[in-house]
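# Notes for the structure review
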Amino acid sequence: MTHHRDHVGQVLKEWRARRRLSQLDLASDAEISARHLSFVESGRSSPSREMLARLAEQLSMPARATNRLMLAAGYAPVHSERSLDAPDMAAARQAVETVVQGHMPFPALAVDRHWNVILANDAITSLLAGVSEELLRPPLNALRLSLHPEGLSSRIVNLAEWRHHLLERLRRQVEETGDEALCRLHAELSAYPAPKASPHAAGTDPLAIPLQLRDPASGAVLSFISTTTVFGTATDVTLSELVLECFYPADAATRAALMPGTKE
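In what follows, the accompanying structure is described. (Residues numbered from 1 in each chain as written. Predicted model: local features only at pLDDT ≥ 70, side-chain atom pairs only at ≥ 80, totals over all residues. Heavy atoms only, no water.)

### A word on the nonpolar core
In terms of nonpolar packing, the biggest core is built from 31 residues, with Trp115, Leu143, Leu147, Ile156, Leu170, Leu189 and Leu211 touching the most fellow members. When residues of this core are traced back to their parent elements, those giving at least two are strand E1 (108–111), helix H8 (142–147), helix H9 (159–177), helix H10 (180–190), strand E3 (211–214), strand E4 (221–230) and strand E5 (243–249). Of all the elements, H9 adds the most residues to this core, at six residues. Sequence-distant contacts of Leu147, defined by excluding residues within four places in its chain, comprise Ser153, Leu159, Arg163, Leu166, Leu167, Leu189 and Tyr192. Ranked by size, the runner-up nonpolar core spans 21 residues in total, among them Ala30, Val40, Leu52 and Leu69. (Core = buried A, V, L, I, M, F, W, Y, C linked by side-chain atoms within 4.5 Å. Buried < 20%, exposed > 50% of the residue type's maximum accessible area, 1.4 Å probe, protein only. Helix = DSSP H or I, 4+ residues; strand = E, 2+ residues; numbered from the N terminus. Contact = heavy atoms within 4.5 Å.)

### Section: the side chain of Glu41
Among the secondary structure elements, Glu41 is positioned in helix H3 (residues 34–42). Relative accessible area serves as the criterion here: at 4%, Glu41 is assigned to the buried category. Among the polar contacts made by the side chain of Glu41, one reaches the side chain of Arg16 at a distance of 2.8 Å. Other than its neighbours up to four places away in sequence, Glu41 contacts Gly9, Leu12, Lys13, Arg16 and Gln23. (Polar contact = N/O pair within 3.5 Å; in protein donor to acceptor, adjacent residues only side chain to side chain.)

### Brief notes about helix H4 (residues 49–58)
Buried residues of H4: Met51, Leu52, Leu55 and Ala56, and no others. End-on view of H4: buried residues confined to an arc of 135°, all on one side of the axis. Within H4, the exposed residues directed more than 90 degrees away from the buried face are Glu50 and Glu57. Taken from the residues just after H4, Ser60 is the one with a positive phi, measuring 50°. (Arc of directions from axis to C-beta.)

Pasting the structure below:
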């Protein structure tokens, strides 16, 4: 039990530091005494399951991290974690497939918490011609595929801007979750050759950072803006971490290229 108490205190301190909260701040938010929280963090007191649930909520801990906190204290996990292929995940899996495949003829994909591709439509596949076979082997990582020198980076017209956008997004995700695999991925991607140009595009501010990608078939520049979709009410760990990325034409030329009957 001492091992569990010490460990649960370490987990709490780690997340409190990540959220930049003092013991007094967190204790006040969770409606417990700062003295009690101090005893829990030092291992001098054993927290109840209910207290840990309140602390996890105030720390905005993701489902996976909340499970880790509970296990550290010797309690059963709060959130289930099923494979997306599990029978009782059929409805969720069908929803993902409907969004990704229904987005044709525009690119769309679903990724897990480490940006490994779970599902992609044919519009994504058609853009991957010429990419290194090594990068296309499972698990196919969407960020590595985008920024690796043998991936899509040589065809991304605004690589400096897009690279900055992806690395910043990943950095925030690392800060939010503390995931060590994401931290290693960020270090790997940051080490790839970087364009000398400024990451900020010249001219007027765009509505969103576009992905400007040269089509391997036609050589034309396709310009996309993207949306991110998550399961907002998910209680399962796997489902809560799933992200759908859908790309839309950012200009009339791209729409016409992907939908030949469309007028510019």
